[in-house]
Amino acid sequence: MSGYFIVFEGGEGAGKSTQEALLTEALEQRGLTVTRTREPGGTPAGEEIRRVVLSPEFEGLDPRAEALLFAAARGEHVARVIRPALERGEVVICDRYLDSSVAYQGFARGLGPRRIRDLSLWATNELLPDLTIVLDIDPADGLGRFTERDRLEAEPLEYHRQVRAAYLALAEEDPERYLVLDARDDIQAIAAAILARVSGDLEQS
């Protein structure tokens, strides 16, 4: 595959959508074709699964069932959207991916990070991002930006603290594939740092 796969991760309220939009605009201005997508979702089946896993209507969903639903949505997403775009040589920018499952279900739900990672790798036929950007934020600050919360956002603060710790641990284990930025910094400064890293990677590819 000749494309480049970028994933944005981070806690709730970290500003992922804003930075994804700014990066998409910057890359398109340089003449690159960008596919911007999200998880769970990105396909008709994935959007239906998104409704189930995030809706308060399904409060109390079994953690293993939750993990399997995320993996199912991810497998369909990769097969229908992400891998075809990469094969066309496009830049793919995805809001959340495998590390979200590792952090939210593997660590915070206690299902085991290795088990959840292996499940997602099987579902996606081993597809990993070229770069994962973690926008780091204190959960108390990030959650304070919401007036209404979905099923995961409504989890206790300690749950979200475990998610944050998981992201930072994952990035520390594989620093070459991660870019960790303080989500409290100036929006344009964050965007510039992201673009500089992505530009450097693309020049080397």
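Scroll up for the structure.
Residues numbered from 1 in each chain as written. Predicted model: local features only at pLDDT ≥ 70, side-chain atom pairs only at ≥ 80, totals over all residues. Heavy atoms only, no water.

Caption draft 1: Spotlight on unusual backbone geometry. In this chain, Glu-39 is followed by Pro-40 through a cis amide linkage whose omega measures -15 degrees. With respect to the secondary-structure elements, Pro-40 resides in the loop between β2 (34–38) and α2 (44–54). A positive phi angle, near 75 degrees, is found at Arg-96, a position not held by glycine. Among the secondary structure elements, Arg-96 is positioned in the loop between β3 (91–95) and α4 (98–108). Take Arg-96: its relative accessible area is 12%, and that puts it in the buried class. Even without glycine at this site, Asn-125 takes up a positive phi of about 55 degrees. Mapped onto the elements, Asn-125 comes out in the loop between α5 (113–123) and β4 (131–136). Taking relative accessible area as the criterion, Asn-125 reaches 58% and is therefore assigned exposed. (Helix = DSSP H or I, 4+ residues; strand = E, 2+ residues; numbered from the N terminus. Buried < 20%, exposed > 50% of the residue type's maximum accessible area, 1.4 Å probe, protein only.)

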